[in-house]
Protein chains: 2
Amino acid sequence: MELALTLAREAGASGEVPVGAVILDAEGRLCAAQANQVESDSDPSAHAELRAMRAAARHCGTKYLSGCTLYVTLEPCPMCAASMVHFKLSRLIFGAYDPKGGGVEHGPRIFEQKKCLHRPDVIGGIRAEESAALLRGFFSRLRAEKGAEKP
Amino acid sequence: MELALTLAREAGASGEVPVGAVILDAEGRLCAAQANQVESDSDPSAHAELRAMRAAARHCGTKYLSGCTLYVTLEPCPMCAASMVHFKLSRLIFGAYDPKGGGVEHGPRIFEQKKCLHRPDVIGGIRAEESAALLRGFFSRLRAEKGAEKP
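Here the structure is a predicted model, which means the values were calculated and not measured. Residue positions within a chain follow its written sequence, with the count starting from 1. Both sets of labels track the order of writing: A upward for chains, 1 upward for ligands. In keeping with the predicted nature of the model, local features appear solely for residues at pLDDT of at least 70, side-chain atom pairs appear and are counted solely at 80 or more, and the whole-chain, interface and lining totals rest on all residues. Only hydrogens and water are set aside; all other atoms, that is, all heavy atoms of the structure, feed into the side-chain values.

Peer 1: Requested: an account of the overall build of chain A, with residues and values cited.
Peer 2: Looking only at helices and strands, one finds five helices and five strands in chain A. For helices the rule is a DSSP run of H or I covering at least 4 residues; for strands it is a run of E covering at least 2, with both sets numbered from the N terminus onward. When the elements of chain A are put in sequence order from the N terminus, they spell out α-β-β-α-α-β-α-β-β-α. Its C-alpha radius of gyration of 15 Å places chain A within 12% of the 15 Å reference for a compact globule of 151 residues. Dimensions of chain A, computed from C-alpha atoms along their principal axes, come out at roughly 50 × 30 × 30 Å. When the 151 residues of chain A are sorted by exposure, 52% land in the buried category. What the globule rule says is 2.2 Å times the number of residues to the power 0.38, and the radius of gyration is computed from C-alpha atoms. Using a 1.4 Å probe on the protein chains alone, a residue whose accessible area is under 20% of its type maximum counts as buried, one over 50% counts as exposed, and one in between counts as partly exposed.

Structure below.
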């Protein structure tokens, strides 16, 4: 989670919503380390988790991420949670809970859906305060900048 | 939808689950035409819809797909439906309903979630029988091939 937080911090510094994700395989080897790149890629689906899963599958030369653990600084949104089902990810460990945009412990609670075909083990709230503080800082700077831009 | 069905057919012929997606902008101009490429990309998130939305955003040089209509031969899964929220897609027209894997009229019904921040207009069931027949044919061939492989 330390590396995920570092990635989130760097993303925030470059104008992205600060979220970072890291994937380790069953032996604890690093398979992917990615940050949110929605702005720089101009791609609303370029969330840290989805980018990390794609990168990990490429890195491992496998289609599925069975045995892998994904660490992410924020509760995944419904898109990313649902993609974890497709990737057959084994374990999800996330930082801050996201009551507005989350899709694991909030909203559609993707893994609790009856027809969900694969459910990773989930642990939430790990180093949540550090992750939440990063996000709060980012959005408060953004608001201040937008306020300053007003005539 | 004719083009989406053609793309689906071609995908099926090359061993992919036959699903095709096409995006038109507000003036009816073609922005993207993509098929499911999960097998050839070895990427479980390479669904036709998500690929088409990324391609359309690149093609249009915009981050969001406001004003655009996405035609897809099968009801989108929860991942693709949730990504339509992020892309701010205006209109979704889909073919066959998918009671097992769909996320629009089935499962988490992504656009009906209270906290869903953007809801495209949705029309389902367009040329549904042709799309469903493609999928049925594909899976029955797959089962026959798998049966033939058994010793």
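Peer 1: Could you give an account of the relation of the copies chain B and chain A, with specific residues and numbers?
Peer 2: When the copies are overlaid, the least-squares fit takes in C-alpha atoms only where the residue has pLDDT of at least 70 in both copies. It takes a turn of 180° to lay chain B on chain A, together with a shift of 0.0 Å along the axis; the resulting RMSD is 0.0 Å. Here the two chains are linked by the operation of a two-fold rotation axis. Within chain B, B:Met79 has its C-alpha nearest the rotation axis, a separation of 2.2 Å. By definition, residues are in contact when any of their heavy atoms lie within 4.5 Å. Mapped onto chain A, 100% of the interface residues of chain B again fall at the interface, so both copies present the same surface.

Peer 1: Outline the side chain of B:Thr73, supporting the account with residue identities and numerical values.
Peer 2: Looking at where B:Thr73 falls in the secondary structure, it is placed in strand 3 (residues 69–74). Excluding anything up to four places from it in sequence, B:Thr73 contacts B:Met1, B:Ala4, B:Leu5, B:Ala8, B:Pro18, B:Val19, B:Gly20, B:Gly95, B:Ala96 and B:Ser131.

Peer 1: Tell me about the confidence of the model for chain A, and please be specific about residues and values.
Peer 2: Known as pLDDT, the predictor's confidence for each residue is given on a scale from 0 to 100. Of the residues in chain A, 99% reach a pLDDT of 70 or more, and the chain-wide mean stands at 96. The ipTM value of the predicted complex is 0.94, and its pTM value is 0.94.

Peer 1: How would you explain the packing of aromatic side chains if you had to name every residue and give the values?
Peer 2: Two measures describe an aromatic ring pair: the distance that separates the ring centres and the angle between the ring planes. Residue and element names in this part refer to chain A. Geometry of aromatic contacts follows a simple scheme: Phe, Tyr and Trp rings, the Trp one being its six-membered ring, pair when their centres are within 6.5 Å, and the pair is stacked under 30 degrees between planes, edge-to-face over 60, tilted otherwise. Inspection of the entire model under this criterion finds four aromatic pairs over all chains. Geometrically, the ring pair formed by Phe94 and Tyr97 is edge-to-face, given 5.1 Å between the ring centres and 80° between the ring planes. Residues Phe138 and Phe139 carry aromatic rings whose centres are separated by 5.2 Å and whose planes lie at 80° to one another, so their mutual orientation is edge-to-face. Just above the ring of Tyr64 sits the side chain of Lys88; from NZ or CZ to the centre is 4.3 Å. Counted as over-ring charges are cases with an Arg CZ or a Lys NZ within 6 Å of the ring centre that also lie within 35 degrees of the ring normal.

Peer 1: How would you explain the UniProt feature "active site" (unreviewed entry) in chain A if you had to name every residue and give the values?
Peer 2: All names here are of chain A. According to UniProt, the feature "active site" (unreviewed entry) maps to Glu49 in the numbering used here. In this structure Glu49 comes out as buried when scored by relative accessible area, which is 4%. Ignoring any residue separated from it by four or fewer positions in sequence, one finds Glu49 in contact with Val19, Ala21, Leu70, Val72, Leu74, Pro76, Cys77, Cys80 and Met84. UniProt positions are given in the numbering used here, feature names are shortened, and annotations may be inferred rather than shown by experiment.

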